[in-house]
Amino acid sequence: GCINDRPLPSGRPTYSSQIACCRGAYAGQTSGTCLSQLPSPPTMSPTESGGLSIYYPDYGTSWPLAGCINTRPLPSGRPTYSSQIACCKGAYGGQVSGTCLSQLP
């Protein structure tokens, strides 16, 4: 990786930034170690912003208080629905509190 420690070893190339060093000195590095040491390292799969275009049950909340959400990332193994109301009907059809339906826009 690239470091910014003193004293600077003689004969070593210098770069204006840590990313410039990674690109210049470790451009062919397949492990990605240098880039992974950056304060905000790039990822191989950038995340999309905003909510998902599908809804899924919020199993992390207790049944009477739960609803359907479209928060990223989609947890593995969750059933998905094309709309929030379809999710409420499919996953919380017997919910007496009505919380899921009350969260509809």
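An account of the accompanying structure is given in this report. This one's a predicted model, so the numbers in the text were calculated from it and none came from an experiment. (Residues numbered from 1 in each chain as written. Predicted model: local features only at pLDDT ≥ 70, side-chain atom pairs only at ≥ 80, totals over all residues. Heavy atoms only, no water.)

Turning our attention to the overall build of the protein chain. Of the regular secondary structure elements, the protein chain holds 4 helices and 2 strands. Helices (α) and strands (β) of the protein chain occur, in sequence order from the N terminus, as α-α-β-β-α-α. Whereas a compact globule of 105 residues would reach a radius of gyration of roughly 13 Å, the protein chain reaches 24 Å, over 25% beyond that. Taken along the three principal axes of its C-alpha coordinates, the protein chain extends 75 × 25 × 25 Å. Of all 105 residues assigned to the protein chain, the portion counted as buried reaches 20%. (Helix = DSSP H or I, 4+ residues; strand = E, 2+ residues; numbered from the N terminus. Rg over C-alpha atoms; globule rule 2.2 N^0.38 Å. Buried < 20%, exposed > 50% of the residue type's maximum accessible area, 1.4 Å probe, protein only.)

Residue arginine 6 is joined to proline 7 through a cis peptide bond whose omega torsion reads 0°. Backbone torsion omega between arginine 72 and proline 73 reads -10°, so that peptide bond is classified as cis. In this fold, proline 73 is placed in the loop between strand E2 (68-69) and helix H3 (84-91).

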